[in-house]
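Overview (structure and organization)
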Amino acid sequence: MGQVMQFVEPSWQFVKDSIQLVKRCTKPDSKEFQKIAMATAVGFAIGFTGFFVKLIHILINNIIVGG
């Protein structure tokens, strides 16, 4: 029984700490959520732009050099 409790006790403590953390955290209001969503959208837009520029650059480079 002692060996079982040795494995169960840390898991139970982690669950209790996680529940306390979730209860203590606050959800963002609509203004803060919009700021976070806008920053994420801008990040995705910049990332996709960079990806497509790199993709086009590879194609053009292969046409010029590989031809």
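A brief structural summary. (Residues numbered from 1 in each chain as written. Predicted model: local features only at pLDDT ≥ 70, side-chain atom pairs only at ≥ 80, totals over all residues. Heavy atoms only, no water.)

Turning next to the overall build of the protein. Secondary structure summary: the protein contains 2 helices and 0 strands in total. Against the globule reference of 11 Å for 67 residues, the protein gives a C-alpha radius of gyration of 25 Å, more extended than a compact globule. When the backbone C-alpha atoms are referred to their principal axes, the protein occupies close to 75 × 40 × 5 Å. Within the protein, buried positions represent 0% of all 67 residues. Put simply, the protein shows about 6,600 Å² of open surface, and 71% of that area lies on carbon and sulfur atoms. (Helix = DSSP H or I, 4+ residues; strand = E, 2+ residues; numbered from the N terminus. Rg over C-alpha atoms; globule rule 2.2 N^0.38 Å. Buried < 20%, exposed > 50% of the residue type's maximum accessible area, 1.4 Å probe, protein only. Areas by Shrake-Rupley, 256 points an atom, 1.4 Å probe, with all protein chains shown as cover.)

The subject of this paragraph is the packing of aromatic side chains. Evaluation of the coordinates by the stated rule reveals 2 aromatic pairs. Aromatic pair F44 and F48: ring centres 6.3 Å apart, planes at 25°, arrangement stacked. Taken as a pair, F44 and F48 lie in helix α2 (residues 30-66) at a separation of 4 residues, close to a single helical turn. Judged by relative accessible area, F44 falls into the exposed class, the value being 54%. Owing to a relative accessible area of 48%, F48 belongs among the partly exposed residues under this scheme. Ring geometry for F51 and F52: centres 5.3 Å apart, planes at 65°, overall edge-to-face. Accessibility expressed as a relative area gives 48% for F51, which makes it partly exposed. (Phe/Tyr/Trp six-rings, centres within 6.5 Å; stacked < 30°, edge-to-face > 60°.)

With that out of the way, let us pick up a nonpolar patch on the surface. Among the surface-exposed residues, V4, M5, V8, W12, F14, V15 and I19 lie close enough to one another that they form a single nonpolar patch of about 670 Å² accessible area. Along the chain, I19 falls in helix α1 (residues 2-24). Using a relative accessible area of 43% as the deciding quantity, one classes I19 as partly exposed. (Patch = residues over 30% accessible without salt bridge, like charges linked within 9 Å, V, L, I, M, F, W, Y side chains within 5 Å. Salt bridge = Lys/Arg side-chain N within 4 Å of Asp/Glu carboxyl O.)

Relative to the elements of secondary structure, G47 occurs in helix α2. The spatial distance from the C-alpha of G47 to the C-alpha of T26 is 30 Å, given a sequence separation of 21 residues.

The terminal C-alpha atoms of α1, which comprises 23 residues, lie 33 Å apart, in line with the 33 Å expected from a rise of 1.5 Å per residue. At V8, α1 shows its strongest bend, of approximately 25°, with the proline P10 following within four residues. (Expected span 1.5 Å × (residues − 1). Bend = angle between axes of the 7 residues up to and from the residue.)

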